[in-house]
Structure formats: C-alpha cells, structure tokens
Amino acid sequence: RVVSCRLACGDVEGRLEAIFGRVRAIQAKSGRFDMLLCVGNFFGSTSEAEWAEYRTGAKKAPIPTYVLGANNQDTLSYFPDVSGCELAENITYLGRRGVYSGCSGLQIAYLSGTEAQEQPAPAHSFSAKDVVELKTSLLSAPNFRGVDILLTSPWPRDVGTFANSAGEIDTKKCGSKLISDLAASLKPRYHFAALEKAYYERLPYRNHMVLQETPQHVTRFIALADVGNTSKKKYLYAFSIVPMSAMDPAELVKQPQDVTENPYRKLRKEAPKSKALLCAEEEPACQFFFDLNKHQGKKRPSDGKERGDSQPKQAKKPPQPTGPCWFCLASPEVEKHLVVSIGTHCYLALAKGGLSPDHVLILPIGHYQSVVDLSSEVLEEVTKYKAALKEFFRSKGKRYVLFERNYRSQHLQLQVIPVPLDLCTSEDIKEAFIAQAQEQQIELLEIPEHSDIAQVAQSGSPYFYVELDTGEKLFHRIRGRFPLQFGRCVLASEALLAQPQRADWRQCAAQRPEEAAQASAFRREFEPFDFSLRD
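Given the structure is predicted, the values throughout are model-derived calculations rather than measurements.

**Q** Sorry if this is basic, but what is going on with the overall build of the protein chain here?
**A** The number of helices and strands found in the protein chain is 10 helices and 23 strands. Put simply, the protein chain has 535 residues, and 55% of those count as buried. Split by element, the accessible area of the protein chain, about 23900 Å² in all, is 50% carbon and sulfur.

Here's what the structure looks like:
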C-alpha cells in the first residue's frame, strides 16, 4: 500500500523564503515529502517582492504546494481563477471549494475563505450554500465513509468541546459554525486550519455514536500558527497517511486510547438520522434513609409487557437483604418523615442532604439491587413515578435529571434532581456529564433513547447511568474504581446548578424538623400528580 508523507502549514503571510527554507531543511534531514498543504493566509500585505521571484520562475517551490484562497479583500488579486489554477511552478491554488484526489487515491476536501457575514457573500468568503454543495458532492457518492484530509482556514466552532485545552483560544466563540457542520458531515481523518496564530492539536474524536452505529475512523484536528512567529509556536506539521480506500477496514476504525466524544454532537443530532471532580469514596449508609410503619403492599399481577427486547420478568418475591437495609420500606433502621408517596411496589422520598429541596428518590419497596433486577410490575410503577415527576417538575418550569449508581450499594436508588428549564438545555446537561467523565477517564456513552438498561447491562454488573426526562440516556460500565458522588458533583458544578458547595451531601443535611417541613410541602404540591392516591 502507498504511504504518503505530507506537510501542512499555517498562515504563510507572504513569508515564502521562510517556509520553503524550512521545508528544504526538513527534507535534507528526513527525506522527501509528497506535498505541502497550506491553510490560512498564504499571502500577506507585503508579499509582492518575494512573490514576484516565484511567479516569474526565478525561484521554485521545493515540493508541490497547494494553497487555499483569499481570506480578505487585500489578497484577492493573487488568485485570478476562482475555480483554481497554477499560481507559479509547483504552487497551485486549489479553488473556492472542492475535492482534490491525488494519484495515490488520497481524498482532500477544501473550502477557501472565511464565513460570510453578509449576503451576497464577498469573493473571499463562503456561504451556507458553498458548504451544502461541497457536502452534497461527497455524501451522494455510494458507500461514502469520509475524506482523508479537510483543509479550511477558519477553525470549526466548538472544536474544543470534550477536549484538551486550546490555551487562550475560546473555541466556543472562535471559528465558524459552517465549518463545524462540514467537518461533522465529511468526517475527515485529518482537519487542518489556521488564522488564530496558535498551535492546537486536539485529542482525536470519534465519528460514530457508540452502541448505536458501527465503529468509524477518528478525526484529528490540528490548528497551525503563522510561519516564522516570534513565539516559536508550531506552524509546520509532518504526517504520514495511507489513503482510506487502501486501508484494511478493521485497521481504519481502530480507536486510540485518548479518543474523545465528537465535539459536534449537537450538529449530528440535528441532522437527519442515518442510522466532576473526583469525589469522596464510600459514604456512611445514612445518606438517604427513610422509614414508615406501613409494611410492603401486595403486588399487582404482571401484565406481561415487554421491557425493550428483553423478556418480562415473572412476578416473584424480591430477594431478601443479607443484613440491615436502609432502603427496604419495612426496615426498622429508617427515618419515616421523608417519605412523600407510597405506591404498590415503589415509594418516593426526599433525599437527605439533597441538592435542592425537591431532590427526590424513587425506590422499590422490596429489596432490589438495580433497575436491571426489577420485575416487570415494579418497573412499570417506576415508569409511572417518572412520568408523574416529569409532569410535576415541568409545571414548575423544571426538567429532571435521573441517575443510578449500581456500585457499592445494596438497594436501588434512582436519584431525581430538578434543573430549571431556563438554566440549561438537555444537550448542556449531557455535555456536562460527558466532559467531567472524560476528565476522570470515565467512558460515558449515549445509548438509544428507547432502549432498556437491561439490554446493555447484566444483572450483578456494576454500572452508572443518567437519564433525562426526554428519555435520553448516558451509560458507563464500571470496571474498576468509580467516584461515588460523580452524578451529584456534575449536577452541582458551575456548568449546571452552580452550587459546588453542595456536592457533598453531608454539608447539606438539615435538622429533622426542617426535613419534615420540606417533605410536607413537597407532599402537598405533588398531590395532584400522585397516581398512588388515585389507584
């Protein structure tokens, strides 16, 4: 197979002797490269004297050099043909937009200019129409998997999401949303950009939804600084690449250990569907404990409804705890003043030391360790409580976030925390969980909205999962240690509730009279939504 050795560089800004001198030095030391790919501003305001020597043939670029077009009005005159042309011997302007395919089979997609801020778009800018036409020309090809290289001058907006820091560059404000959309669709293996006078090599990101799509190759985004900058930031990048078309499929989709979530998840979800801080370890068992003199009620007969693709579990007596359980409703160890609703198989209680006064738990009355272990009739009532809480919290201008940690726990606890609707979107919540998970090297994966946890987790296997009231879910299979307060820490973080001081429940515990008053207030407000009072 053909291995191509390429060079990419950032803004040349007319410093032709500097860049070509550096290329000659590298080739003398490391051997010949096939081409030089230039992004950003190739010409500058004082380019004419140096450029004249190359334009007239007095000097020649040491290797085939491919450049993008103008990013401003001042340098437009250097590019006589909008569709691309040879500017000088060994120096080629690729054109406004398109795909360059070398004899090796390498596919290089390119888009010249900066994002237009007005209509019609100036000659040095691209519009949404340019992006759509470039995408269409590639995506319409049968069995399209992506391109090998994408060249743009601006950075893609939000490229730093879920990634290592980009230093002084704010990736949420810098760059182009249209470039983000282009990168999300074209799935380049390498994406080069410039213009920000900064070097940034982002961690590779995946191009597929884990557990939902077949594995695909990763993308490496590299932003390059300006040639000859006094800060000695990297402006020239050497890489070897085998064309995608010549690679073994299994090798192509190998995922490096430092791979991150796709930074353009929002764009991918909006497109038509084609297919935390390290917290305290184990806490005392008295974090959220309840009691009631009432004993477990009779079970309803199973209605035989299926749970996803799994078979419904037959109604059976739940397993008995091996010792005292703080969450079995009949246990003598529990405090009874925090219970706010009791169904036939489940009950609802306020959390002791909750993140907010309406932080509640859904718990089975009998002893079940996790959601995976629930019988069908218990699961049905859990679902009814979720629906009731969604309606209740939405009436108060909130959405809930639910999580379960099936790790170092005996009894299922579904933590339900409301978050104001105007504070953040469901996508913001998912991003906050994924970002903090990545900081702690926790692989938190999005799973299909209507899937059953039992389809991805086995009984007895430790896991952590998050569920929004939209049905969206994130899942982590725990294989080693796991921060016990992870879910709570994410929700308390500045990204969401902005109450980091409440990350530790022990700092939030109130006196019994105050807890009883909070439970009584919640009970009154929840009453119109409480199905257990009507069944």
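**Q** For this particular structure, what's the right way to read empty space enclosed by the protein?
**A** Where empty space is left can be seen by rolling a probe of water-molecule size over the atoms. Estimated volume of the second largest cavity: approximately 30 Å³. Taken together, Gly 40, Asn 41, Phe 42, Phe 43, Gly 69, Ala 70, Asn 71, Thr 75 and Phe 79 make up the full set of residues lining the second largest cavity.

**Q** Where do I start with the nonpolar core in this structure?
**A** Taken as a class, soluble globular proteins show a tendency for nonpolar side chains to be buried jointly. Of all hydrophobic cores here, the largest spans 35 residues; its most connected members are Leu 348, Ile 362, Leu 389 and Phe 522. Only strand E17 (346-350), strand E18 (360-364), helix H7 (376-395), strand E19 (398-406), strand E20 (414-420), strand E22 (463-468) and helix H10 (512-526) provide two or more residues apiece to this core. The residues contacting Ile 362, other than those within four sequence positions of it, are Tyr 347, Leu 348, Val 382, Tyr 385, Lys 386, Leu 389, Leu 402, Leu 412, Gln 413, Leu 414 and Val 416.

**Q** Would you take a moment to explain the packing of aromatic side chains for this structure?
**A** Here the distance between the centres and the angle between the planes together describe a pair of aromatic rings. Using the criterion set out here, one finds 30 aromatic pairs in the structure. Measuring from ring centre to ring centre gives 5.3 Å for Phe 20 and Tyr 54, while their planes differ by 50°; the resulting arrangement is tilted. Residue Phe 20 is found in helix H1 (residues 16-30), and its partner Tyr 54 is found in helix H2 (residues 48-55); the two are separated by 34 residues along the sequence. Among the residues examined, Phe 20 registers a relative accessible area of 1% and is labelled buried. The class of Tyr 54 is buried, set by a relative accessible area of 1%.

**Q** Can you walk me through helix H3 (residues 128-139) in this structure?
**A** The end-to-end C-alpha distance of H3 is 16 Å, a good match for the 16 Å that 12 residues give at a rise of 1.5 Å each. Taken residue by residue, H3 has Asp 130, Val 131, Leu 134, Lys 135 and Leu 138 as its buried positions. Around the axis of H3, the buried residues are gathered within 125° of arc, so they sit on the same side. Buried residues along H3 sit against strand E6 (97-101), strand E7 (107-111), strand E9 (125-126) and helix H4 (177-186).

**Q** I keep staring at the confidence of the model for the protein chain and nothing clicks. Help me out?
**A** Overall, the predicted model of the protein chain reaches an average pLDDT of 86, with 88% of residues at or above 70. In this model, residues 272-315 is a region of pLDDT below 50 whose contacts with residues beyond four sequence positions or in other chains number 128 contacts.

**Q** I would appreciate a short explanation of the sheet that holds strand E21 (residues 445-447) in the present structure.
**A** Pairing between the strands of a sheet comes from backbone hydrogen bonds, and it takes one of two forms, parallel or antiparallel. The strand order across the open sheet formed by eight strands is E16-E17-E18-E20-E19-E22-E23-E21, and the pairing between neighbours is antiparallel. Because the sheet does not close on itself, it has two edges, and the strands there are strand E16 (339-342) and E21. For this sheet, the mean inter-axis angle between neighbouring strands, taken without regard to orientation, is 25°. For E19 and E22, the ladder comprises six bridges, and the chain directions are antiparallel. Residue pairing in the sheet places Phe 403 in a bridge with Val 466 of E22.

**Q** I keep staring at the sheet that holds strand E5 (residues 91-93) and nothing clicks. Help me out?
**A** Across the sheet, six strands lie side by side as E4-E5-E3-E2-E1-E15; this open sheet has mixed pairing. If you trace the sheet from one side to the other, it starts and ends with strand E4 (85-88) and strand E15 (236-241), each paired once. Between one strand axis and the next, the sheet turns through 25° on average, direction left out of account. Summarising the sheet, strand E1 (residues 4-9) and E15 pair through six bridges and their orientation is antiparallel. Looking at E15, one finds that Ala 8 is bridged to Tyr 237. The strands that H2 touches are E4 and E5; relative to E4, the one it contacts most, it runs at about 110°.

**Q** How do you make sense of the packing of H7 against H10 when you look at a structure like this?
**A** To characterise two packed helices, one gives the angle between the axes of the helices and the distance between these axes. Close contact between H7 and H10 brings their axes to 11 Å; oriented N to C, the two are set at 95°. As summarised for this structure, H7 and H10 are arranged roughly perpendicular, according to the angle between their axes. Across the interface between the two elements, Ala 388, Leu 389, Phe 392 and Phe 393 of H7 pack against Phe 522, Glu 525 and Phe 526 of H10.

How each quantity is defined
Residues numbered from 1 in each chain as written. Predicted model: local features only at pLDDT ≥ 70, side-chain atom pairs only at ≥ 80, totals over all residues. Heavy atoms only, no water. Helix = DSSP H or I, 4+ residues; strand = E, 2+ residues; numbered from the N terminus. Buried < 20%, exposed > 50% of the residue type's maximum accessible area, 1.4 Å probe, protein only. Areas by Shrake-Rupley, 256 points an atom, 1.4 Å probe, with all protein chains shown as cover. 1 Å grid on protein atoms, 1.4 Å probe; cavity = no way out; pocket = protein on both sides within 12 Å on 5 of 7 lines; lining within 4 Å. Points joined across faces, edges and corners; volume = space filled by probe spheres on them. Core = buried A, V, L, I, M, F, W, Y, C linked by side-chain atoms within 4.5 Å. Contact = heavy atoms within 4.5 Å. Phe/Tyr/Trp six-rings, centres within 6.5 Å; stacked < 30°, edge-to-face > 60°. Expected span 1.5 Å × (residues − 1). Arc of directions from axis to C-beta. pLDDT = per-residue confidence, 0-100. Pairing = 2+ DSSP bridges. Axes fitted to C-alpha atoms, helices over the stretch in contact; angles between N-to-C directions. Parallel < 35°, antiparallel > 145°, perpendicular 65-115°, else oblique.

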